[in-house]
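Architecture and fold: a report
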Amino acid sequence: MRFDSGWCDGALRCVSPHFNQRPLGEVSLLVIHNISLPAGCFGLPYIDQLFQGCLDTDADASFAPLQGLQVSAHFLIRRNGERVQYVSCDDRAWHAGLSRYGERDNCNDFSIGIELEGTDTEPYTDEQYQSLIELTQALLLEYPLLTTDRIVGHCDIAPIRKTDPGQSFAWERYLGKLKEYTEAMRS
Ligand SMILES: [Zn+2]
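Quick caveat: nothing in here was measured; it's all calculated off a predicted structure.

**Description of the overall build of the protein**
- On a plain count of helices and strands, the protein comes out with 4 helices and 12 strands.
- The C-alpha atoms of the protein give 16 Å as radius of gyration, which agrees with the globular expectation for 187 residues (16 Å, within 12%).
- Seen along its three principal axes, the alpha-carbon backbone of the protein occupies a region of about 55 × 35 × 35 Å.
- Taken across its 187 residues, the protein has 34% of its residues classed as buried.

Rendered as C-alpha cells:
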C-alpha cells in the first residue's frame, strides 16, 4: 500500500469536507473507533453520508441528534474488510473530540482515526482484522512517529465519554500480529 499526499491507494476515496490542517503537521498516534448507523446495523450508506455532511437525519429516528454534526475519520473498515478513506492522513480529521493522550489535549491534532464498522459487543470480522492490520502496517511505514505502542482506543483518550472500540475488539490479536510484523522487519 502506498500513500500520495496522505491518501492511501488501498482504500476507496470518499472525500469529506470535515477536516482542517494539523497545527504541527505531526502524525504520532493511531485511534481505533467503532461506528454503526443506525446502531447495530451494518452495510448501509449512512456512515459515508455522516462523514460527508449529507446525512438525511429523517432517514431513521435515531439520527436526530446527528443533525448538523461535523465529524469525520480518516478511515472506515467495513464488515467485509473494505477500506474507505475520507480525509488525507496529512490533514486533521474530526474523530476524537475532547480527548487527552498523556499530557496532550486535542488528539485530533496529531492522530489518525480508523473506524471499524461495528459495536462494542459484536465481534469484529476476520476480514476487518486482516484489513486493519494491513492498513496499520502501511501507516507505521509511512509515519515514523507512529509506533505500535502509540495505538489506542477512543475509550483510552476520552474515557468518560467514549467506550469504543469496546470489549468486542481483540487488542491482543491485533497488536500481536503487528508486533510479529515489526520484529520481522527488524531482523
Ligand atoms: Zn470513537
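**Re unusual backbone geometry**
- The linkage connecting L37 with the following residue, P38, adopts the cis geometry, with an omega of -15°.
- That bond from D164 to P165 is cis: its omega, 10°, falls within 30 degrees of zero.
- Of note, P165 is situated in the loop between α3 (154-157) and α4 (171-186).

**Focus on the nonpolar core**
- Counting residues in hydrophobic clusters, the biggest one holds 39 residues, and the most contacted among them are L30, V31, I32, A73, F75, I114 and L139.
- Those elements giving two or more residues to this core turn out to be β5 (29-35), α1 (46-52), β6 (75-77), β11 (111-117) and α2 (126-142).
- Counting residues per element, this core draws most heavily on β5, at 5 residues.
- If near-sequence neighbours (up to four positions away) are discounted, L139 is found in contact with L30, I112 and L146.

**Observations regarding the packing of α2 against α4**
- Running from N to C, α2 and α4 point in directions that differ by 40°, and their axes come no closer than 10 Å. The orientation of α2 with respect to α4, classified from their angle, is oblique. Seen along the crossing, α2 lies across α4 with a hand that is right-handed. Residues Y129, L132, I133, T136 and Q137 of α2 lie in contact with α4, whose contacting residues are R173, Y174, K177, L178 and Y181.

**Some thoughts on α2**
- The end-to-end C-alpha distance of α2 is 24 Å, a good match for the 24 Å that 17 residues give at a rise of 1.5 Å each.
- Among the residues of α2, those classed as buried are Q128, S131, L132, L135, T136, L139 and L140. Along the long axis of α2, the arc covered by the buried residues comes to 165°, so they all point the same way.
- Where α2 is buried, its residues contact β5, β6, β7 (83-85), β11 and α4.

**Section: the environment of L132**
- Of note, L132 is situated in helix α2.
- Setting aside anything within four residues of it in sequence, one finds L132 in contact with I77, I114, L116 and Y174.

**Concerning the UniProt feature "domain: N-acetylmuramoyl-L-alanine amidase" (unreviewed entry) in the protein**
- Those places that UniProt annotates as "domain: N-acetylmuramoyl-L-alanine amidase" (unreviewed entry) correspond, in this numbering, to residues 16-166.
- Within residues 16-166, the helical portion is 19% and the strand portion 22%, while the C-alpha atoms at the span's ends are 26 Å from each other.

Criteria and thresholds
Residues numbered from 1 in each chain as written. Predicted model: local features only at pLDDT ≥ 70, side-chain atom pairs only at ≥ 80, totals over all residues. Helix = DSSP H or I, 4+ residues; strand = E, 2+ residues; numbered from the N terminus. Rg over C-alpha atoms; globule rule 2.2 N^0.38 Å. Buried ≥ 20, exposed ≤ 12 C-beta atoms within 10 Å, placed from the backbone. Core = buried A, V, L, I, M, F, W, Y, C linked by C-beta atoms within 7 Å. Contact = placed C-beta atoms within 7 Å. Axes fitted to C-alpha atoms, helices over the stretch in contact; angles between N-to-C directions. Parallel < 35°, antiparallel > 145°, perpendicular 65-115°, else oblique. Left-handed = near helix turned anticlockwise from the far one by under 90°. Expected span 1.5 Å × (residues − 1). Arc of directions from axis to C-beta. UniProt positions renumbered as here; feature names shortened; annotations may be inferred.

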